[in-house]
Amino acid sequence: MIAFAHPLALLALPLALTPFLRRWLASAPVPRLDLRTGGEAPWTDRLLKAVGVVGITALILGLAKPHLPGGTRPHQGHGANLVLLIDRSFSMDDSFAGRAPNGDEESKSAAARRLLFEFIEKRPDDRIGVAGFSTAPMQVLALTQSRSAIAAAIAALGERGLSQTDVGRGLAMAMDMFDEAAAPDSRAVVMVSDGAGVIARETQEALQALARRNGVRLYWLYLRTAGAKGIFEIPRPGEADTPQLRPERHLHIFLQRLGVPYRAFEADSPEAVDEAIQAIGDLESRPILTLRPLPRRDLAWIFYGLAALMAGVLAAARRLERAYAPRSSAPTEIRP
Amino acid sequence: MRSPVSARLAPPLAAAAFALTAALGPSLPLQRDLRDALITVDVTRSMNVRDMNGLSRLEAAHAALRLWIADQPCGTRVGLAIFTERRSLTLFEPVEVCADFATLSAALAALDWRMAWEGDSMISRGLDHALKRAEELKAGLIFVTDGHEAPPLPYSGPNRFAGESPGGVILGVGGDTPSPIPKFDDLGREAGFYGPHDVQHAPARVGPPPADAESRPGFHPRNNPYGEADLEGAEHLSALRADHLQELAAGRGLVFLRLSEGPQALSAAFAAPKAAGTGARMRRIPAPFDLSPFFGALALLALLVGWFAPSGLRSSPSASGDSS
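This one's a predicted model, so the numbers in the text were calculated from it and none came from an experiment.

## Considering the domain arrangement of chain B
Residues and elements named next belong to chain B.
- Here chain B is described as being made up of domain 1 (31–194 + 238–286) and domain 2 (201–234).
- Each of domain 1 and domain 2 has a C-alpha centre, and the two are 32 Å apart.
- The interface is formed by 4 residues belonging to domain 1 together with 9 residues belonging to domain 2.
- Three residues, Pro152, Tyr155 and Ser156, lead the burial of domain 1 against domain 2; their summed loss comes to 83% of the area buried on that side.
- At the surface where domain 1 touches domain 2, the tally comes to 0 salt bridges.
- In this structure, the connection of domain 1 to domain 2 is made through 0 residue pairs in polar contact (both at pLDDT 80 or more).

Rendered as structure tokens:
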């Protein structure tokens, strides 16, 4: 539907009646009644009046700035509703070797940031939300399609992190972020962390309930620091195996028991992170209905162009107008 | 030579030319200086006090900032950060206000005291951290707080600010009457209010004692150099500490403003020279000035004049011929 940015200009529309006040073409000063066609205005007059009305109307409509007001249109794409749950503890600022990054080393958070940028770049149809967690979970960005907003939220991960890691409440927040617009079969939480913590029993129960209700799929991208125990490593007999000493392994076991599709990736280098993100991308690609933004489109130029055409016709008519000269009759041959 | 015919022909020709120019969309290549903003919102417990006409301070801040953002010219970028403990944390870097208004508004609405990773509220240190962060992002700072320091500042007062200040506004939120601070239990359910025994009423007893310590009850130069006046107080109630915030603002090239003064006042304060810090960072963006309405209006005028052009061809047929 066409909308007007300056609707007040439309008040000038009665000016379009001006052509009915005067003739466009000159009237001959010397009346020659015998040249008139039956006492009514010739067809050229009526045509030029119509051209004038159209031209003036088009100009006034153009001045009112007509446009198509944009919005969104549904789009069938391939992707998923993803919540990126990102560890904001300060250990993420260390390199994969577990020390402050120097020279050509990349910190874990910088690697994650760079690869996530690439990830969102390649997947235009995803709706992505971002949540962070340290001691407290925080919702950074509700599920959105705005690439600029997602990029700004990922860029902000470059700031130095906070203190501790409370995985349980972070997961609960991420699972709770899916709204009605997220189809139940395309919801996924991607948790990126370099450690885990013990999840309290109440939180465990809450998580189980949430997972059952929301039906999310869960991915854990574990950024393993050199020297840290892996999540898949089964302790040797005699070695302590408690959630306090091996929180990552026990978190993995807990997530497996959660009753939702779950997959863990262990990455100990930026390349491994890249592979894991690719794999998640391949798994989370199913048809989803999303909205594509439709920009506002300006229509004024069409009206101005039409007006220019009409004014050109009127100018041509003036250029061609002639005063009525007595039509010189064909020389009469006088035969003697 | 101006023959009557060219006088009659000029208006429609001019109208055609003007309308064509308007259709091509000419514009003046003007530029506009915009200042990005980093909004840092205090999410400590005292922001839950409901003394903003029934709204909590956080809710009132959300409502006012949303209006302010809606007021900014397209192209301005606004980022969002939260403050608690002694530092700020950027949620997202500045985004363009028109394209991402929904994001900004939703993120403001989602601000919550539960995001606070610790309970302390060291405002002067958080403010300094936020200033540093805003400077990195080349944006002005809008720091939204009630000025309630918890624990109270040491007797020596806040740290002096050293470094580059990008300037901006401290937006004071809260009422003038001290009001109780809601308290929440482990599961986030509201459970009454903080009482006088829940909070610390004076700075920790480290560093130099207060200047008037000698006159305080229980003072002893060796055994009790701080006196006993710091055992009770009204720190469990919270009001807008305007004086404290004014002082902080003055030392950092910022302007103090109350949230209740409205979005226009915020825009004015943010643009004021006093809020420029050690040099406001402006971003120059092209802001083409559309000239097509101007040409469209000229075309309309010419076309209307055309209908009233002198109509009589009073000259002799020879002059009215193909002279032009």
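## Notes on the side chain of B:Arg57
Residue and element names in this part refer to chain B.
- Within the secondary structure, Arg57 sits in helix H2 (residues 57–71).
- Polar contacts involving the side chain of Arg57 include one to the main-chain carbonyl oxygen of Ser46, which spans 3.3 Å.
- At 2.8 Å, the side chain of Arg57 forms a polar contact with the side chain of Ser238.
- When sequence neighbours within four positions are dropped, the list of residues in contact with Arg57 reads Ser46, Met47, Val49, Asp51, Met52, Asp146, Val173, Gly174, Gly175, Ser238, Ala239 and Leu240.

## Brief notes about the pattern of salt bridges
- In total, this model carries 23 salt bridges over all chains according to the counting rule given.
- With a shortest N-O distance of 2.4 Å, A:Arg123 and A:Asp126 are connected by a salt bridge.
- In this structure A:Arg123 comes out as buried when scored by relative accessible area, which is 10%.
- In this structure, the salt-bridge partner of B:Arg133 is B:Glu93, at a minimum N-O distance of 3.7 Å. In this pair, B:Arg133 sits in helix H4 (residues 123–136) while B:Glu93 sits in strand E5 (residues 87–96), placing the two residues 40 residues apart along the sequence.
- Through salt bridges with shared partners, one network takes in B:Asp36, B:Arg77 and B:Arg283.

## Brief notes about the confidence of the model for chain B
- Chain-level statistics for chain B give a pLDDT mean of 84 and a share of 94% at 70 or above.
- Taken together, the stretch residues 314–324 of chain B has pLDDT below 50 and engages in 9 contacts with residues farther than four places along the chain or on a different chain.

## As for the packing of helix H2 (residues 108–122) of chain A against helix H3 (residues 147–155) of chain A
All names here are of chain A.
- For the pair H2 and H3, the least separation of the axes is 10 Å and the interaxial angle reads 170°. Between H2 and H3, the angle is such that the two are roughly antiparallel. Taking contact as the criterion, the partners of Arg113, Leu116, Phe117 and Ile120 in H2 are, on H3, Arg147, Ile150, Ala151, Ile154 and Ala155.
- Counted by class, the contact of H2 with H3 contains 7 nonpolar, no polar and 2 charged residues.

## Some points on the domain arrangement of chain A
- When its domains are assigned, chain A resolves into domain 1 (3–30 + 40–69 + 296–320) and domain 2 (75–292).
- The straight-line distance from the C-alpha centre of domain 1 of chain A to that of domain 2 of chain A is 62 Å.

## Structural notes on the packing of aromatic side chains
- Scanning all chains against the criterion turns up 8 aromatic pairs over all chains.
- Ring pairs connect the aromatic residues B:Phe18, B:Phe294 and B:Phe295, which therefore count as one cluster.
- Here the guanidinium or amino end of A:Arg318 rests over the ring plane of A:Trp24, the centre of that ring lying 3.7 Å away.
- Over the face of the ring belonging to B:Phe270 we find B:Arg35, whose NZ or CZ atom lies 4.4 Å from the ring centre.

## Side note on helix H6 (residues 247–256) of chain A
Residues and elements named next belong to chain A.
- A large share of H6 lies buried, amounting to 7 of its 10 residues.
- Listed in full, the buried residues belonging to H6 are Pro247, Glu248, Arg249, Leu251, His252, Phe254 and Leu255.
- In this fold, the buried residues of H6 make contact with helix H4 (167–176), strand E7 (187–193), helix H5 (201–214), strand E8 (217–223) and strand E9 (262–267).

## A closer look at the sheet that holds strand E1 (residues 3–4) of chain A
Residues and elements named next belong to chain A.
- The strand order across the open sheet built from 3 strands is E1-E2-E11, with neighbouring strands paired in antiparallel fashion. Each edge of the open sheet carries a strand with a single partner, namely E1 and strand E11 (297–298).
- Note that strand E2 (residues 66–68) and E11 share 2 bridges and pair antiparallel. Along E11, the bridge assignment pairs His67 with Asp298.

## Quick look at the environment of A:Gly98
Residues and elements named next belong to chain A.
- Relative to the assigned elements, Gly98 resides in the loop between strand E4 (81–87) and H2.
- Since its relative accessible area comes to 37%, Gly98 is described here as partly exposed.
- Sequence-wise, Gly98 and Ala112 are 14 residues apart; in three dimensions their C-alpha atoms are separated by 15 Å.

## Here's the deal with the interface of chain B and chain A
- On the chain A side, the residues contacting the 50 residues of chain B number 56 residues.
- Here chain B and chain A share an interface that buries about 4500 Å² over both sides, 67% of which is from carbon and sulfur atoms.
- At the junction of chain B with chain A, the criterion picks out 1 salt bridge.
- Across the pair B:Asp290 and A:Lys65 runs a salt bridge, and its minimum N-O distance is 3.5 Å.
- Joining chain B to chain A, the criterion identifies 7 residue pairs in polar contact (both at pLDDT 80 or more).
- Where the side of chain B that touches chain A is concerned, the elements lending two or more residues are helix H1 (4–23), E5, helix H3 (101–109), H4 and helix H7 (292–307) of chain B.
- Residues that form the side of chain B that touches chain A fall into these classes: 29 nonpolar, 11 polar and 10 charged.

## Thoughts on the nonpolar core
- Among the nonpolar cores identified, the biggest contains 77 residues, and B:Ile39, B:Phe92, B:Ile142 and B:Val144 are the most heavily contacted of them.
- If one sorts the elements of this core by residue count, H2(B) sits on top with 7 residues.
- In contact with B:Phe92, not counting residues within four places along its chain, are A:Val140, A:Leu141, A:Ala152, A:Ala153, A:Ala156, B:Val78, B:Gly79, B:Leu80, B:Leu104 and B:Ala107.
- If you look at the next biggest cluster of nonpolar residues, it comprises 32 residues, including A:Val83, A:Ala182, A:Leu207 and A:Trp220.

Cut-offs used in this document
Residues numbered from 1 in each chain as written. Chains lettered and ligands numbered in written order. Predicted model: local features only at pLDDT ≥ 70, side-chain atom pairs only at ≥ 80, totals over all residues. Heavy atoms only, no water. Domains from an automatic or database assignment. Contact = heavy atoms within 4.5 Å. Buried area = accessible area lost by both parts, 1.4 Å probe. Salt bridge = Lys/Arg side-chain N within 4 Å of Asp/Glu carboxyl O. Polar contact = N/O pair within 3.5 Å; in protein donor to acceptor, adjacent residues only side chain to side chain. Helix = DSSP H or I, 4+ residues; strand = E, 2+ residues; numbered from the N terminus. Buried < 20%, exposed > 50% of the residue type's maximum accessible area, 1.4 Å probe, protein only. pLDDT = per-residue confidence, 0-100. Axes fitted to C-alpha atoms, helices over the stretch in contact; angles between N-to-C directions. Parallel < 35°, antiparallel > 145°, perpendicular 65-115°, else oblique. Nonpolar A, V, L, I, M, F, W, Y, C, P; charged D, E, K, R; others polar. Phe/Tyr/Trp six-rings, centres within 6.5 Å; stacked < 30°, edge-to-face > 60°. Lys NZ or Arg CZ within 6 Å of the ring centre and 35° of its normal. Pairing = 2+ DSSP bridges. Core = buried A, V, L, I, M, F, W, Y, C linked by side-chain atoms within 4.5 Å.

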